[in-house]
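Structural features, examined
Spelled out, the chains give:
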Amino acid sequence: MECVPCLLLLLLSPLYISADLPESEPCELDEDAVHCVCNFSDPDPDWSSALQCMAAVDVEFYGGGRSLERFLLRLNPNADLRQYIDIVKSLRWQRLTVGVARVPSSMLFGVLQMLGYSGLRELTLEDLEVTGTTQPPLLESRGPDLTVLRLRNVSWVTGDAWLAELQQWLKPGLQVLNIAQAQSLNFSCEQVRIFPALTTLDLSDNPRLGESGLVSALCPQKFPALQVLELRNAGMETPSGVCSVLEKAGVQPQQLDLSHNSLQDTANPGTPGCVWPSSLNFLNLSFAGLEQVPKGLPPKLSVLDLSCNRLNRKPRPDELPKVDNLLLKGNPFLDSGTQEYTKNSGMSPTCLSLAMGMSGTLALLQGAWRFA
Ligand SMILES: *[C@@H]1O[C@H](CO)[C@@H](O)[C@H](O)[C@H]1NC(C)=O
Ligand SMILES: *[C@@H]1O[C@H](CO)[C@@H](O)[C@H](O)[C@H]1NC(C)=O
Ligand SMILES: *[C@@H]1O[C@H](CO)[C@@H](O)[C@H](O)[C@H]1NC(C)=O
Ligand SMILES: *[C@@H]1O[C@H](CO)[C@@H](O)[C@H](O)[C@H]1NC(C)=O
């Protein structure tokens, strides 16, 4: 069956309004009619409440963990969707979040196809389970012209093929891709197309990724415009290990964020003499449990952030790259005599409070205990 654009229609269409309206309004539109949030966690929510979100710019829909499959069955597959195109064209939506639901892929991709008629720029999917498989689109890239796509804790039955499949429903202008808590980043690279405009790839909060997983996540030649690579709390072990993955994948970022990984001081013996991309000028090694400046860093940087580590003495110039802006705050050598450091797994009290609430904290503390 050809995919049926539903979720959106269902939210916009009075067809599915239940006769007994529940008491609480699932949707709230703020006074300026900019931000609209719907939380359909009620067992029998008033779906029509979503109509008020049509006027908003930032829209969030949360499904209360329910399966949206039944709406597929209720939707008449012969419905003429053309009548909805004008509605979608008139939407002011710039940013859309959809979360906490089980969604058939045909519904998700149908919605993306309909959103191709909207001016949507940012899409966030979180806590979603995408079920079923779908035929590829008949026409290329009919979906929305997104600049930012964020996925957090989204699972797909298609496994490693999910990115390639999702990509078919988007126009190619994506600039920022953020994938956290992914089930698989072991992409089927030959199916993934080039992301010609992608400047920022954020794979933070994938603590089991590691350097070996990064190899398959950074599909070679697919990210030619990459400038910023964010790998916070991504199970990275050594800077030089990351260097060799970058070399292998041929990506040349200007900025690399390795903060909130529990990094080892030593260069990985298996990867001697790795050459960092010459474009790299920013390296963030904060919150990494480091007791010394790691070996094998790039020879020259504009910014090196070593804050909130466990450096017990001021690094010697010969240990450091040539750096314009070196950040060292929150290391024990700066306020020696503060006993708190050892009590709090070697982290400065300020840093510890900064780190709390970051999902990488646990890994970091475990790292600190491992080195203790
Ligand atoms: C939706 O409402 C439920 C129940 O009130 C609540 O537990 C949940 O945190 C809410 N979800 C969001 C995303 O606001
Ligand atoms: C991830 O999403 C699933 C629904 O697909 C949900 O059951 C689970 O609680 C979420 N996990 C986290 C850590 O939020
Ligand atoms: C990643 O995918 C390849 C095939 O594309 C497979 O051989 C390999 O075992 C997978 N790795 C993991 C860790 O799942
Ligand atoms: C480095 O990363 C930490 C934690 O992710 C962040 O707080 C800090 O602002 C970053 N440093 C720079 C210079 O951006």
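All values reported here derive from a predicted model rather than from experimental measurement.

The subject of this paragraph is the overall build of the chain. Each helix and strand counted, the chain has 10 helices and 13 strands in total. Relative to its 372 residues, the chain shows a buried fraction of 54%. Relative to all contacts within the chain whose residues are 6 or more apart in sequence, the contacts with residues 24 or more apart total 70%. Accessible surface, the chain as shown: approximately 17200 Å² in total, 51% of it carbon and sulfur.

We now examine helix 3 (residues 82-90). Of the positions making up helix 3, those classed as buried are Tyr84, Ile85 and Val88. Summarising the axial view, the buried residues of helix 3 lie within an arc of 115 degrees, below the 170-degree limit, and thus occupy one face. Residues Gln83, Asp86, Lys89 and Ser90 are exposed on helix 3 and point more than 90 degrees away from its buried face.

Turning next to the pattern of salt bridges. Counted under the stated rule, the structure contains 11 salt bridges. Between Glu319 and Arg313 there is a salt bridge; the shortest N-O distance is 2.7 Å. For Glu319, a relative accessible area of 19% corresponds to the buried category. Classification of Arg313 as partly exposed rests on a relative accessible area of 40%. Residue Asp318 is joined to Arg316 by a salt bridge in which the shortest nitrogen-to-oxygen separation is 3.0 Å. When salt bridges that share partners are traced, they join Asp202, Glu230, Arg232 and Asp257 into one network.

Moving on, we come to helix 6 (residues 210-217). Counting buried residues in helix 6 gives six out of eight residues, a clear majority hidden from the surface. The complete set of buried residues in helix 6 reads Gly210, Glu211, Gly213, Leu214, Ser216 and Ala217. Buried residues in helix 6 make contact with helix 7 (239-249).

Here we take up the site of ligand 4. Close to ligand 4 lie Arg232, Ser259, His260, Phe282, Asn284, Ser286, Phe287, Asp305 and Leu327. With respect to ligand 4, the side chain of Asn284 contributes an N or O atom lying 2.3 Å from an oxygen atom. Separating an oxygen atom of ligand 4 from a side-chain N or O atom of Ser286 is a distance of 3.2 Å. In the complex, the protein chains occlude 59% of the 360 Å² of accessible area that ligand 4 would expose alone. For the shell around ligand 4, a count of residues per class yields three nonpolar, four polar and two charged.

What follows deals with the nonpolar core. Membership of the largest hydrophobic core comes to 92 residues, with the highest contact counts inside it found for Phe187, Leu231 and Leu256. With seven residues, helix 4 (residues 105-115) is the single largest residue contributor to this core.

The next subject is the packing of aromatic side chains. For the structure on display, the rule yields six aromatic pairs. A ring pair is formed by Phe109 and Trp169, whose centres lie 5.2 Å apart and whose planes are at 5 degrees; its orientation type is stacked. Residue Phe109 is found in helix 4, and its partner Trp169 is found in the loop between helix 5 (162-167) and strand 7 (176-180); the two are separated by 60 residues along the sequence. Here the aromatic cluster, defined as three or more aromatic residues joined through ring pairs, consists of Trp156, Trp162 and Phe187.

A few words on the confidence of the model for the chain. When the pLDDT values of the chain are averaged, the result is 86; 81% of them are 70 or greater. The low-confidence segment residues 1-6, where pLDDT is below 50, has 20 contacts with residues more than four positions distant or belonging to other chains.

Glancing now at the environment of Ala161. When you line up the elements, Ala161 lands in the loop between strand 6 (148-156) and helix 5. Not counting residues up to four positions away in its chain, the partners in contact with Ala161 are Ser188 and Gln191.

Here we come to the packing of helix 6 against helix 7. For the pair helix 6 and helix 7, interaxial distance at closest approach is 10 Å and the crossing angle is 15 degrees. With respect to their mutual orientation, helix 6 and helix 7 come out roughly parallel. At the point where helix 6 passes helix 7, the crossing takes the right-handed sense. Each of Glu211, Leu214 and Val215 in helix 6 lies in contact with helix 7, whose residues at this interface are Gly241, Val242, Val245 and Lys248. Counted by class, the contact of helix 6 with helix 7 contains four nonpolar, one polar and two charged residues.

Attention shifts here to the side chain of Gln167. Relative to the assigned elements, Gln167 resides in helix 5. Classification of Gln167 by relative accessible area gives buried; the value is 10%. Once residues within four sequence positions are removed from consideration, Gln167 is found in contact with Val192, Arg193, Ile194 and Phe195.

Next up on the list: the state of the cysteines. Taken as a whole, this structure holds five disulfides when the rule is applied. One disulfide in the model links Cys27 with Cys38; its S-S distance is 2.0 Å. As the torsion about the S-S bond is roughly 110 degrees, the Cys27-Cys38 disulfide counts as right-handed. With a gap of 11 residues between them, Cys27 in strand 1 (residues 27-29) and Cys38 in strand 2 (residues 35-39) connect regions that are remote in the sequence. Across the pair, exposure class does not vary: Cys27 and Cys38 are buried alike.

About the cut-offs
Residues numbered from 1 in each chain as written. Chains lettered and ligands numbered in written order. Predicted model: local features only at pLDDT ≥ 70, side-chain atom pairs only at ≥ 80, totals over all residues. Heavy atoms only, no water. Helix = DSSP H or I, 4+ residues; strand = E, 2+ residues; numbered from the N terminus. Buried < 20%, exposed > 50% of the residue type's maximum accessible area, 1.4 Å probe, protein only. Contact = heavy atoms within 4.5 Å. Areas by Shrake-Rupley, 256 points an atom, 1.4 Å probe, with all protein chains shown as cover. Arc of directions from axis to C-beta. Salt bridge = Lys/Arg side-chain N within 4 Å of Asp/Glu carboxyl O. Near = heavy atom within 4 Å. Polar contact = N/O pair within 3.5 Å; in protein donor to acceptor, adjacent residues only side chain to side chain. Nonpolar A, V, L, I, M, F, W, Y, C, P; charged D, E, K, R; others polar. Core = buried A, V, L, I, M, F, W, Y, C linked by side-chain atoms within 4.5 Å. Phe/Tyr/Trp six-rings, centres within 6.5 Å; stacked < 30°, edge-to-face > 60°. pLDDT = per-residue confidence, 0-100. Axes fitted to C-alpha atoms, helices over the stretch in contact; angles between N-to-C directions. Parallel < 35°, antiparallel > 145°, perpendicular 65-115°, else oblique. Left-handed = near helix turned anticlockwise from the far one by under 90°. Disulfide = S-S within 2.5 Å.

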